[in-house]
Amino acid sequence: MQDSLHTEFARGMPVLVDYNSLRPTVVYLPKDIELKHTVWKVAEMIQVEHDPENKLFEKRPFDLTKDKYDGYILQLPAGSENSKIELVVGITKKVDCNRHRLIDVTFGDAGDMNFSPHMFMIFDSDGEIASTRMGCPDRELTGKFIYGETRRVPYTTDPMIIFIPKGFELRYRIWESVV
């Protein structure tokens with residue numbers, strides 16, 4: 001038993017904070033706790049096109065009916081192992097000058113469908129939106145992409161299959177490790 005003991009870095013829940021190189025980021029830690037960090041550079045969001053004819057959708061997890069959900073297949077080219085992909089599901093609506101976000105959002109794994117290496121995920125939302133509720137002087141409405149909770153997963157070239165409610169859009173952006 002003594003031979004199986006080893007030292008390794010045990011980590012907790014990672015935290016993502018905004019970074020500003022002009023100001024230090026201050027973190028208070030308990031004694032004997034070590035902090036490791038990564039600086040990320042994020043790319044612009046890319047919209048995923050829907051392909052309703054794909055046969056993979058015939059073997060849907062759970063009872064995902066074609067009436068409620070659209071299925072998307074996302075397959076990325078070879079990339080860096082130090083990258084992550086952020087899945088962003090949202091809806092384009094006409095909104096005022098406030099900041100808006102989707103509320104009551106769930107994003108989770110949708111199970112294994114016996115033809116690995118596919119990763120199945122499901123996103124659900126009723127489309128309800130929260131805003132900062134500021135007074136907008138011009139009262140003008142503009143079409144904006146509104147989203148809430150996102151999902152960051154390790155970069156993979158294996159297909160990801162994602163189910164989202166009809167009328168929503170799937171986008172993604174790639175996070176590259178800088179430090």
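First, a word on scope: everything that follows refers to the structure included in this document. Worth saying up front: this structure is predicted, and the values here are computed from it rather than measured. (Residues numbered from 1 in each chain as written. Predicted model: local features only at pLDDT ≥ 70, side-chain atom pairs only at ≥ 80, totals over all residues. Heavy atoms only, no water.)

## Here we look at the side chain of aspartate 70
Stage number 1. Summarising the element assignment, aspartate 70 is placed in strand β3 (residues 69-74).
Stage number 2. Overall, the relative accessible area of 14% leaves aspartate 70 in the buried class.
Stage number 3. A polar contact of 2.8 Å, which involves the side chain of aspartate 70, links it to the side chain of lysine 166.
Stage number 4. Excluding its chain neighbours within four sequence positions, the residues that come into contact with aspartate 70 are His50, Ile162, Phe163, Ile164, Lys166 and Gly167. (Helix = DSSP H or I, 4+ residues; strand = E, 2+ residues; numbered from the N terminus. Buried < 20%, exposed > 50% of the residue type's maximum accessible area, 1.4 Å probe, protein only. Polar contact = N/O pair within 3.5 Å; in protein donor to acceptor, adjacent residues only side chain to side chain. Contact = heavy atoms within 4.5 Å.)

## Points about unusual backbone geometry
Across the chain, the bulk of peptide bonds are trans and the bulk of non-glycine residues have phi less than zero.
Stage number 1. The backbone phi angle of aspartate 104 is positive, close to 50 degrees, even though this residue is not glycine.
Stage number 2. Turning to its location among the elements, aspartate 104 is positioned in the loop between β5 (100-102) and β6 (106-109).
Stage number 3. Residue aspartate 104 is classed as exposed on the basis of its relative accessible area of 58%.
Stage number 4. Even without being a glycine, arginine 139 presents a positive backbone phi close to 55 degrees.
Stage number 5. With respect to the helices and strands, the residue arginine 139 is situated in the loop between β8 (129-131) and β9 (142-147).

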